[in-house]
Amino acid sequence: MNKLFMGAAAGLLTTTLASTAFADGHAPTVCLITKTDTNPFFVKMKEGAEAMASELGMNLMSFAGKVDGDHETQVQAIETCILDGAKGILITASDTSSIVSAVTQARDAGLLVIALDTPLEPIDAADATFATDNFIAGELIGQWAAAQLGDEAANAKIAMLDLAVSQPTVGVLRDQGFLQGFGIDIADPGKWGDEDDPRIVGHDVTQGNEEGGRRAMENLLATDPEINVVYTINEPAAAGAYEALKAIGRENDVLIVSVDGGCPGVQNIADGVIGATSQQYPLQMAALGVQAIKAWADDGTKPEPTEGKDFVDTGVALVTDQPAEGVESISVEEGMNLCWG
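Residues numbered from 1 in each chain as written. Predicted model: local features only at pLDDT ≥ 70, side-chain atom pairs only at ≥ 80, totals over all residues. Heavy atoms only, no water.

> Can you walk me through the pattern of salt bridges in this structure?
It is possible for side chains of opposite charge to pair when their charged atoms get near one another. Here the structure, examined in full by the defined rule, presents twelve salt bridges. Measuring nitrogen to oxygen at the nearest pair gives 3.3 Å for the salt bridge that ties Arg174 to Asp260. Remark: Asp260 occurs in strand β9 (residues 255-260) and Arg174 occurs in helix α6 (residues 170-182); sequence separation between them is 86 residues. Across the pair, Asp260 and Arg174 agree in class, each one buried. Residue Asp197 pairs with Arg199 through a salt bridge whose shortest N-O separation is 3.0 Å. With relative accessibility at 17%, the residue Asp197 sits in the buried group. Of the residues examined, Arg199 reaches a relative accessible area of 15% and is grouped as buried. Members of the salt-bridge network, linked through shared partners, are Arg107, Asp127 and Lys302. (Salt bridge = Lys/Arg side-chain N within 4 Å of Asp/Glu carboxyl O. Helix = DSSP H or I, 4+ residues; strand = E, 2+ residues; numbered from the N terminus. Buried < 20%, exposed > 50% of the residue type's maximum accessible area, 1.4 Å probe, protein only.)

Printed below as a string of structure tokens:
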């Protein structure tokens, strides 16, 4: 990750947040619609939107579902934004396909709609998507794990702790990126589980939480108790995997890698629970999204995707205190300065 982005992100983190409403009724309005308002990832996203809206003199209206999966509340929020004359909407959709009709209604009304973190289905249902390159996030931790093992990577025994049953999601991208980074033929990159490399002990699902991570790790250890590398979809799942390994006295001789970069996850690197994680930047996603909607309000300019991709790549960095030759990374101290939650 380049120093310019690091400085910009750090600057945004220390900005004093103003009210989300402004006295000037003529200021352009941007709406932020997240899956919930309690998940630290979305809390940080809101901070980024608030800071940038304040800096640019925009009104920010924030909405969130009651729980993850609350599609109806998100639809109602879109309708409210249309009626209130907003210039644009930033949304992390709970239902990426069912939301499309409401998004289409907003775009037909002249609003710029940007998907944050989670692409819509199809991706071009939104005007743009601002997100982490989850394949690269996985690839970085795969490269790091292989480098840590050195020649022994050829004899690795790998547990794959995924989110849910294989489908075209960020979970598949992270899984397949890890395997490619580790040097494994991924066959069809659109799904996991079709690889035939004998180093893969197996895949199990975690639902992205600690309990699921522990259960999945126990299941795969029953298949092969000599597992020495563990890929996890996110840091809560990694924490659960660690507890399962600790229960059999193997917490110190297994590499665990993950993706997200929340503050608890980065702290777990410092504590020796996780070896490395790929950090994503929800604050940056939202801040850049607000900038894009301001440009749209000013002169009708739409954001262009990152070259070679169908979305705007908002950056990812490998966080570890055990850097590996040939794998770019930042320290735990740097990761703590940029983390969320």
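> How should the pairing of strand β6 (residues 158-162) be read in this particular structure?
The two faces of a sheet get side chains in turn, since along a regular strand they alternate between them. A large share of β6 lies buried, amounting to five of its five residues. Going residue by residue along β6, you find Ile158, Met160 and Asp162 tucked away on one face and Ala159 and Leu161 tucked away on the opposite face as well. Of the strand pairs in this sheet, β6 and strand β7 (residues 200-205) are connected by five bridges, and their pairing is parallel. Paired with Met160 across the bridge in β7 is His203. Once you follow β6 into α6 and on to β7, the crossover reads as right-handed. (Pairing = 2+ DSSP bridges. Right-handed = clockwise from strand over helix to strand, strands pointing away.)

> Hey, could you run me through the state of the cysteines in this one?
Tallied over the full model, the rule gives two disulfides. One disulfide bridge connects Cys31 with Cys81, the sulfur atoms lying 2.2 Å from each other. Judged by the sign of its S-S torsion, about -120 degrees, the bond between Cys31 and Cys81 is left-handed. Pair noted here: Cys31 is in strand β1 (residues 29-34) and Cys81 is in helix α3 (residues 71-83), with a separation of 50 residues, a long-range link. Each member of the pair, Cys31 as well as Cys81, is classed as buried. With its disulfide-bonded cysteines labelled consecutively along the sequence, the protein chain is connected as 1-2, 3-4. (Disulfide = S-S within 2.5 Å.)

> Any chance you could explain the side chain of Glu195 here in plain terms?
Mapped onto the fold, Glu195 is located in the loop between α6 and β7. Lys191 provides the closest opposite charge to the buried, salt-bridge-free Glu195, at an N-O distance of 9.1 Å. Separated by 3.1 Å, the side chain of Glu195 and the backbone nitrogen of Gly193 make a polar contact. At 3.4 Å, the side chain of Glu195 forms a polar contact with the side chain of His203. Beyond its immediate stretch of four places on either side in the chain, Glu195 contacts Asp175, Gln176, Leu179, Asp185, Ile186, Ile200 and His203. (Lys, Arg positive; Asp, Glu negative; His and termini not counted. Polar contact = N/O pair within 3.5 Å; in protein donor to acceptor, adjacent residues only side chain to side chain. Contact = heavy atoms within 4.5 Å.)

> Sorry if this is basic, but what is going on with the packing of aromatic side chains here?
What describes a pair of aromatic rings is the distance from one ring centre to the other and the angle between the planes of the rings. A complete count under the given rule lists four aromatic pairs for this structure. The interplanar angle of 85 degrees and the centroid separation of 5.0 Å between the aromatic rings of Phe41 and Trp340 together place this pair among those described as edge-to-face. Taken as a pair, Phe41 in helix α2 (residues 40-56) and Trp340 in the segment after α11 (332-338) lie far apart in primary sequence, 299 residues in all. You'll find Phe41 and Trp340 in the same group, each marked buried. Clustering of aromatic rings is evident, with ring pairs tying together Phe41, Phe42 and Trp340. (Phe/Tyr/Trp six-rings, centres within 6.5 Å; stacked < 30°, edge-to-face > 60°.)

> Before we go on, may I ask you to explain α2 in this structure?
One turn of an α-helix holds 3.6 residues; hence residues three or four places apart share an orientation. Over its 17 residues, α2 extends 24 Å from the first C-alpha to the last, a length consistent with the 24 Å expected when each residue adds 1.5 Å. All of the buried residues in α2 are Phe41, Phe42, Lys44, Met45, Gly48, Ala49, Glu50, Ala51, Met52 and Ala53. Its side-chain oxygen at 2.8 Å from the backbone nitrogen of Phe41, Asn39 defines the N-terminal cap of α2. At the exit of α2 stands Gly57, carrying a positive phi of roughly 70 degrees. (Expected span 1.5 Å × (residues − 1).)

> Please explain the side chain of Arg174 as it appears in this structure.
Since its relative accessible area comes to 6%, Arg174 is described here as buried. Within the local environment of Arg174, its side chain forms a polar contact with the backbone oxygen of Ile233, the two atoms lying 2.9 Å apart. With sequence-adjacent residues up to four places away left out, Arg174 is seen in contact with Asn134, Gly138, Tyr231, Ile233, Asn234, Val259, Asp260 and Gln280.

> Before we go on, may I ask you to explain the nonpolar core in this structure?
One recurring pattern in soluble globular proteins: nonpolar side chains tend to sit buried together. Grouped together as the largest cluster of nonpolar side chains are 29 residues, with contacts concentrated most on Trp144, Ile158, Phe178 and Phe182. Going through the elements one at a time, α5 (134-149), β6, α6, β8 (229-232), β9 and β12 (316-319) are the ones with two or more residues in this core. No other element matches the seven residues that α5 contributes to this core. Excluding its chain neighbours within four sequence positions, the residues that come into contact with Trp144 are Leu255, Val257, Gly275, Ala276, Leu318, Thr320, Gln322, Ala324 and Val327. Formed by 28 residues, the second largest nonpolar core is a distinct cluster that contains Ala159, Tyr242, Ala244 and Val319. (Core = buried A, V, L, I, M, F, W, Y, C linked by side-chain atoms within 4.5 Å.)

> Sorry if this is basic, but what is going on with the environment of Asn39 here?
If you trace the backbone, Asn39 turns up in the loop between β1 and α2. Overall, Asn39 belongs to the partly exposed group, its relative accessible area being 32%. Each C-alpha atom of the pair Asn39 and Asp197 lies 36 Å from the other, and the pair is 158 residues apart in sequence.

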